[in-house]
Amino acid sequence: MATPDRAKELESRFGRPKALEVVESAAISQILPQGAVHQGIALRIPPLESVALEDFETKRGAVLLMLDQVTDPQNVGAILRSAAAFGAAGVILQDRHAPKLTGALAKAAVGAVDKIPTAHVVNLSRALETLADLGWRAVGLDGHTDTYLDQALDGGPTVLVLGSEGEGLRRLVAEHCDELAKIPMPGGFESLNVSAAAAVALYEASRTRP
């Protein structure tokens, strides 16, 4: 669906799309979720396919992100954006307690939803067991440990596991990590947004790549 002006732009650039319906702006607003912002065009696409854990290539320098009950779509979108920027191999989300890859999340990701493979799993602890069998090493971010992140990274295939801002990593998920590590914060204000923490962790991991 596109407004008349947008329809003209599309036609001049790509030819007339067969499925295009020309409508007024208000008609597009009615079919979108409440609060969604559009620029005179809306496109329905098929749902993104989830990948299997076995699809992630286990190689030196590869990094996966696993999100433990990070439910804010803005944060997950920003994390996907950072994952794309730092060349992460993929992101692992839980079937429940994770936002769908639509709407506000896709907007916050600024295109990264289509670039970063995502795996949806029922149980994160079992997923970590599977990944361990496949050769991945899991490092959980925890501000209460004495180990710094750069000390925990060895350049091998690594899963960085991040918990929610309020609760952090759940106990069983933390127990399935090979090591817990923290981001050094010499400023004395240890309160990073989870998406900011993910970006810092991805940057630190990128420094250990061959």
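Residues numbered from 1 in each chain as written. Predicted model: local features only at pLDDT ≥ 70, side-chain atom pairs only at ≥ 80, totals over all residues. Heavy atoms only, no water.

- If you check an unreviewed UniProt entry, the protein chain appears there as 23S rRNA (Guanosine2251-2'-O)-methyltransferase from Phenylobacterium haematophilum.

## Topic: the packing of helix H3 (residues 73-85) against helix H8 (residues 194-207)
Link 1 in the chain: Taken N-terminus to C-terminus, the directions of H3 and H8 make an angle of 15°; their axes are 8 Å apart at the nearest point. Taken together, the axis directions place H3 and H8 in an arrangement best described as roughly parallel. Once H3 is placed against H8, the crossing between them reads as right-handed. The segment H3 lies against H8, with Asn75, Ala78, Ile79, Ser82 and Ala83 engaging Val194, Ser195, Ala198, Ala199 and Leu202.
Link 2 in the chain: In terms of residue class, the contact of H3 with H8 is made up of 7 nonpolar, 3 polar and no charged. (Axes fitted to C-alpha atoms, helices over the stretch in contact; angles between N-to-C directions. Helix = DSSP H or I, 4+ residues; strand = E, 2+ residues; numbered from the N terminus. Parallel < 35°, antiparallel > 145°, perpendicular 65-115°, else oblique. Left-handed = near helix turned anticlockwise from the far one by under 90°. Contact = heavy atoms within 4.5 Å. Nonpolar A, V, L, I, M, F, W, Y, C, P; charged D, E, K, R; others polar.)

## Thoughts on the packing of aromatic side chains
Link 1 in the chain: Applying the stated criterion across every chain, the model contains 1 aromatic pair.
Link 2 in the chain: With a centroid separation of 6.3 Å and 65° between ring planes, the pair formed by phenylalanine 86 and tyrosine 203 is classed as edge-to-face. Residue phenylalanine 86 is located in the loop between H3 and strand E2 (90-94), and its partner tyrosine 203 is located in helix H8; the two are separated by 117 residues in the primary sequence.
Link 3 in the chain: Overall, the relative accessible area of 26% leaves phenylalanine 86 in the partly exposed class. (Phe/Tyr/Trp six-rings, centres within 6.5 Å; stacked < 30°, edge-to-face > 60°. Buried < 20%, exposed > 50% of the residue type's maximum accessible area, 1.4 Å probe, protein only.)

## Here we look at the pairing of strand E1 (residues 63-68)
Link 1 in the chain: The element E1 is largely enclosed, with a buried count of 6 among its 6 residues.
Link 2 in the chain: Neither face of E1 is exposed, since Val63, Leu65 and Leu67 on one face and Leu64, Met66 and Asp68 on the opposite face are all buried.
Link 3 in the chain: Direction of pairing for E1 relative to strand E5 (residues 158-163): parallel, over a ladder of 6 bridges. Its bridge partner being in E5, valine 63 is matched across the sheet by threonine 158.
Link 4 in the chain: Across 3 bridges, the pairing between E1 and E2 is parallel. Across the sheet, residue methionine 66 finds its bridge partner in E2, namely isoleucine 92.
Link 5 in the chain: In this view, the connection linking E1 to its parallel neighbour E2 by way of H3 has right-handed handedness. (Pairing = 2+ DSSP bridges. Right-handed = clockwise from strand over helix to strand, strands pointing away.)

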